[in-house]
Amino acid sequence: MDNFCESIGVLLQSRMIVVPDYQRAYSWETEMEASEDSQKQVNVFVRDLEAFVEHSKVNPHKYYLGQLLFESYDATGSRMGVIDGQQRLTTAVLFVATALRWLAANDTLSEGEGALRERLQEDCFLTPHFTRGTFYACLNRLPVSSVETCAERRLIEAVAYFEKVVSGKHSAEEVRQLLGAVLEANVTSIVIGQDCDAIQFFLFQNNRGKQLTRLELAKTILMQLGINATGAFPREAFVATFAEIFRESAKLEQMIDEDGLLHCAWCVYKGDFVDICTTADLEKAGRGKAPCDFVMPFTQLLRDCAHSLRDFFESEACQSRMIEAESLVIMRPYFWAYPVIAKCHQLGLAPHDRQRIWRVLESLTVRKRLIGRRAEMEARIRGAFQAMTKANAADEWEAVLKKIRQPAPGEWWWNYWSDRDLEETLRGEITNGSIAKHLLWRYECARVEQVAHGYYLSLRDFDRPEVEHIAPQTENNEQPGYGDYILEGDNASKGIVSGHWMWRLGNLLILSKSHNCKLGNIAFEEKLDSYVKARVASDVCEIAKSNRTQGDLLIWDSACIKTRTDRIVRLLMDIYCPPSEAEL
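The structure displayed is predicted, hence computed values, not measured ones.

## Side note on the overall build of the protein
- Helices and strands together make up the secondary structure of the protein, namely 24 helices and eight strands.
- Here the C-alpha coordinates of the protein stretch approximately 90 × 65 × 40 Å along the principal axes.
- Here the protein holds 584 residues, and the buried ones make up 53% of them.
- When the accessible surface of the protein is totalled, it reaches about 26400 Å², and 49% of it is carbon and sulfur.
- Averaging the positions of the 68 positive and the 83 negative side-chain charges in the protein gives two centres separated by 3 Å.

## Description of helix α16 (residues 351–371)
- For α16, which comprises 21 residues, the first-to-last C-alpha distance of 30 Å matches the rise-based estimate of 30 Å (1.5 Å per residue) to within 8%.
- Taken across its 21 residues, α16 has 15 buried, putting it largely inside the fold.
- In the stretch just after α16, Gly372 is the one whose phi turns positive, near 75°.

## Focus on the environment of Trp412
- Among the secondary structure elements, Trp412 is positioned in the loop between α18 (393–405) and α19 (419–427).
- A C-alpha to C-alpha distance of 62 Å links Trp412 and Ala51, two positions 361 residues apart in sequence.

## Focus on the pattern of salt bridges
- All told, the structure shown has 36 salt bridges when counted by the stated rule.
- Between Arg153 and Glu157 there is a salt bridge, and its shortest N-O distance comes to 3.0 Å. Of the two residues, Arg153 and Glu157 are both situated in helix α6 (residues 150–167); the distance of four residues between them amounts to about one turn of the helix.
- Since its relative accessible area comes to 29%, Arg153 is described here as partly exposed.
- The exposure class of Glu157 is partly exposed, given its relative accessible area of 22%.

## Considering the side chain of Lys527
- Within the element layout of this structure, Lys527 appears in helix α22 (residues 524–533).
- Residues in contact with Lys527, not counting those within four places in the same chain, are Glu468, His469, Ile470, Pro472, Tyr482, Leu519, Gly520 and Ile522.

## Considerations on the sheet that holds strand β3 (residues 64–72)
- A sheet is described by the order of its strands in space; here six strands give the open sequence β1-β6-β3-β4-β2-β5, paired in mixed fashion. Because the sheet does not close on itself, it has two edges, and the strands there are β1 (2–7) and β5 (125–126).

## Observations concerning the environment of Thr230
- Structurally, Thr230 is set in the loop between α9 (214–228) and α10 (235–252).
- Using a relative accessible area of 63% as the deciding quantity, one classes Thr230 as exposed.
- The spatial distance from the C-alpha of Thr230 to the C-alpha of Ile8 is 40 Å, given a sequence separation of 222 residues.
- Those residues in contact with Thr230 that sit more than four places away from it in its chain are Ala290 and Pro291.

## Observations concerning the nonpolar core
- If you look at the biggest cluster of nonpolar residues, it comprises 106 residues, and the most contacted ones within it are Phe298, Ile357, Trp358, Leu361, Trp397 and Leu439.
- Among the elements that take part in this core, helix α13 (residues 295–319) stands out by supplying 11 residues, more than any other.
- Setting aside residues no more than four positions away along its own chain, Leu361 makes contact with Leu328, Trp336, Ala337, Val340, Ile341 and Trp397.

## What about the pairing of β3?
- In terms of strand pairing, β3 meets strand β6 (residues 186–192) through six bridges, oriented parallel. Bridge pairing in β6 links Gln67 to Thr188.
- As paired strands, β3 and strand β4 (residues 79–84) are joined by four bridges and run antiparallel to one another. Considered in β4, the bridge of Ser72 is made with Met80.

## Some remarks on a positive patch on the surface
- A surface patch of like charges, here positive, comprises Lys270, Lys284, Arg287 and Lys289.
- Along the chain, Lys289 turns up in the loop between α12 (279–286) and α13.

## Observations regarding the packing of α16 against α19
- Contact pair α16 / α19: the axes reach a minimum separation of 10 Å and the direction vectors enclose 60°. Comparing their axes, α19 and α16 come out oblique. Considering how the two elements wind past one another, α16 and α19 form a crossing that is left-handed. Residue-level contacts link Val366, Arg367, Leu370 and Ile371 of α16 to Asp419, Asp421, Leu422, Thr425 and Leu426 of α19.
- For the contact of α16 with α19, a count of residues per class yields five nonpolar, one polar and three charged.

## Considerations on the packing of aromatic side chains
- Within this structure, the stated rule accounts for 22 aromatic pairs.
- With a centroid separation of 4.7 Å and an interplanar angle of 15°, the aromatic rings of Phe273 and Phe385 are classed as stacked. Taken together, the residues span a long stretch of sequence, with Phe273 in the loop between α11 (258–270) and α12 and Phe385 in helix α17 (residues 377–386) at a distance of 112 residues.
- Taking NZ or CZ as reference, Arg369 lies 4.3 Å from the ring centre of Tyr334, over its face.
- The side chain of Arg380 reaches across the aromatic face of Trp413, ending 4.0 Å from its centre.

## Examining the state of the cysteines
- What the rule picks out here adds up to zero disulfides.
- Lacking any disulfide linkage, Cys344 is separated from the closest cysteine sulfur, that of Cys264, by 11 Å.
- By relative accessible area, which is 0% here, Cys344 ends up buried.
- Its sulfur unpaired, Cys577 is 17 Å from the next cysteine sulfur, which belongs to Cys445.
- Taking relative accessible area as the criterion, Cys577 reaches 11% and is therefore assigned buried.

## Side note on the packing of helix α3 (residues 86–106) against helix α7 (residues 172–183)
- Contact geometry for α3 and α7: axes closest at 10 Å, N-to-C directions at 155°. With respect to each other, α3 and α7 are oriented roughly antiparallel. At the point where α3 passes α7, the crossing takes the left-handed sense. For the pair α3 and α7, the contacting residues are Ala92, Phe95, Val96, Ala99, Leu100, Trp102 and Leu103 in the first and Ala172, Val175, Arg176, Leu178, Leu179, Val182 and Leu183 in the second.

The rules behind these values
- Residues numbered from 1 in each chain as written.
- Predicted model: local features only at pLDDT ≥ 70, side-chain atom pairs only at ≥ 80, totals over all residues.
- Heavy atoms only, no water.
- Helix = DSSP H or I, 4+ residues; strand = E, 2+ residues; numbered from the N terminus.
- Buried < 20%, exposed > 50% of the residue type's maximum accessible area, 1.4 Å probe, protein only.
- Areas by Shrake-Rupley, 256 points an atom, 1.4 Å probe, with all protein chains shown as cover.
- Lys, Arg positive; Asp, Glu negative; His and termini not counted.
- Charge placed at Lys NZ, Arg CZ, Asp CG, Glu CD.
- Expected span 1.5 Å × (residues − 1).
- Salt bridge = Lys/Arg side-chain N within 4 Å of Asp/Glu carboxyl O.
- Contact = heavy atoms within 4.5 Å.
- Pairing = 2+ DSSP bridges.
- Core = buried A, V, L, I, M, F, W, Y, C linked by side-chain atoms within 4.5 Å.
- Patch = residues over 30% accessible without salt bridge, like charges linked within 9 Å, V, L, I, M, F, W, Y side chains within 5 Å.
- Axes fitted to C-alpha atoms, helices over the stretch in contact; angles between N-to-C directions.
- Parallel < 35°, antiparallel > 145°, perpendicular 65-115°, else oblique.
- Left-handed = near helix turned anticlockwise from the far one by under 90°.
- Nonpolar A, V, L, I, M, F, W, Y, C, P; charged D, E, K, R; others polar.
- Phe/Tyr/Trp six-rings, centres within 6.5 Å; stacked < 30°, edge-to-face > 60°.
- Lys NZ or Arg CZ within 6 Å of the ring centre and 35° of its normal.
- Disulfide = S-S within 2.5 Å.

The following block contains the structure:
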C-alpha cells in the first residue's frame with residue numbers, strides 16, 4: 001500500500017485514471033437556479049471553491065479535496081482504477097474542462113492550459129462504459145444524441161451549471177482563480193494492492209461526497225465475504241457481474257433506485273416481503289459459506305432481478321404494449337410489486353400467466369392508491385408471494401385478489417379494499433390529478449376496445465396528457481352551456497359545485513397539453529366542437545345530446561356528469577375486478 005499527496009493537476013497530467021464498470025454511476029445532483037444554501041453536491045462544490053478563492057486572498061493556502069482510493073493496474077502506478085472518490089474526481093474534471101473551454105473561447109490559453117486540455121481529450125480520465133460516451137461529449141461540449149440514464153442527465157446538468165458559473169465571472173482572471181484552485185488542490189492518494197485492504201479503507205474512511213447506497217455497501221461486503229471465505233473466489237466474474245448490475249441500475253433509476261433493487265433481490269432471495277437488506281444481513285447469510293454457496297448466487301440474483309425489472313419496464317410496458325404492465329409503470333408500483341415482477345421472470349412464467357399477475361397487481365395498486373387505509377397490503381398478499389411456483393403463481397395471485405375483492409362475512413382482516421369500497425371511491429371526488437389521469441386513460445382504453453377489438457391506446461399516444469374539467473372550475477356566466485354551479489336547499493345536490501360534481505370522473509377528461517391549453521374557459525358548445533375535431537370525448541357529445549333540456553342549446557350539468565360518471569365507473573370496475581381464469 002502506497003500513499004502520496006499531490007495536486008489534481010499533477011494527477012491528471014501524470015496518470016491515467018479509470019472508474020471501473022463495477023462502480024456506481026455519477027450521482028452528484030445539481031440545482032440550476034441554486035440558492036445560497038443549496039445542498040446539491042455540485043452546487044456545494046462550486047460554493048466551496050468560490051469561498052476558498054476569497055479566503056486565500058487573505059490567507060494563501062491550497063484547497064484540499066480529501067482522500068482518494070485507487071487500485072494500481074500496472075507496476076509503475078501510471079494507470080489506476082478509482083475505488084473511492086470517483087464523484088469528486090469526475091466533478092473536478094468536468095469543471096476543469098469547462099473552464100478551459102471558456103478560456104479558449106474568450107482568452108488565450110497558456111502553454112500549460114493548452115497541454116492539459118489536450119491531455120483531457122486523450123482520455124486520461126475514463127468513467128464507466130455506460131456513461132463514457134456522454135462524459136466525453138460533456139468534456140468537449142459535443143451534442144448528446146440521447147440520454148438514457150439519470151447519471152447521463154446529471155453529467156449534462158453539471159456541465160451546464162459550470163458554464164453558467166464561469167460565464168458569470170467578470171474576467172478571465174476570475175475564471176483562472178477558480179481553475180487554479182481545482183488544479184492546485186491537494187489530494188491524498190492511497191494506492192492499494194490487496195483487495196482486502198481496499199475494502200477496509202473503502203468501508204471506514206471518511207467520504208465527503210454523497211452517501212453510499214446500500215447496493216454499493218453490499219457490493220463491498222460481498223467481495224469481502226468472497227475473499228475471506230474458504231474456497232476459490234471468482235473475482236473477475238464477481239466484478240463483471242456487478243458492472244452489469246450497476247449498468248442496468250443506472251437505466252432503471254427513474255423507476256427504482258439502487259437501494260430498491262437490492263431490497264427487491266433480497267425479498268426474492270428470502271422468498272418473503274422482508275425489511276431492507278443491511279450489511280449485517282449479508283454478513284450473517286454468507287458467514288462460513290464458500291463463495292459458490294452465497295456470494296456468487298446472490299450477486300447473480302441481483303443481476304437477474306435488474307434484467308427482469310428492465311425487461312418489464314421497457315419490453316412488456318412499452319414494446320409489447322401490455323396494457324396492465326404500462327398501467328403499473330405509470331402508477332409507480334408499491335415496493336412489494338417489484339419482487340413479484342422479478343420472481344415471475346425468475347420462474348420463467350409464460351407471457352399469459354405474467355399478464356394475469358400484472359392484472360392483479362394493477363388492481364391491488366389502484367385499490368391501495370384510491371382507497372388508502374392504514375392497513376398493510378403486503379401482509380395480505382405475503383402468502384401468495386411465498387407460494388409462487390411456475391405451475392400455480394397466477395392462480396395464487398387471482399385467489400388473493402378474490403379474497404380482497406369479496407371478503408367473506410366476518411373476515412374483517414380482508415375488508416379494507418373491497419369492490420364495494422372501490423366503487424364508492426370511484427363515484428366520489430377524485431382530486432388527485434395523477435390518479436384521475438390514470439383512471440381516465442384506462443376508461444378511454446376500454447372504450448376503444450369496445451369498438452376496435454385488439455387496438456391498444458397507450459398513454460404515450462397523448463402529447464403530454466393533462467386532466468381537463470368539462471365544466472370549468474371557475475364559473476363564467478358569459479359563457480353559456482353549463483348547469484348551475486351553486487344551488488341551495490333541496491336542490492343543492494344538483495349544483496355542480498354545491499353538489500360536489502366538479503371533481504367527479506364524469507366531469508374530467510384526458511387531453512393532450514396543447515389541446516387543453518387552447519380551450520380555456522369557453523362556451524360548452526365551442527368546447528364540444530373542439531372535442532369532435534380532435535376525435536376525442538365522443539361520449540361527452542352523446543350524453544349532452546341525450547340530456548338536452550333547453551331547446552337546441554346543449555347543457556353540461558350535474559345530470560350529464562352523473563350519467564358519464566356511471567359509465568366510467570362501470571368500465572373501470574370491469575377492469576379492476578377481473579374474474580379469475582377458473583371463473584371464466
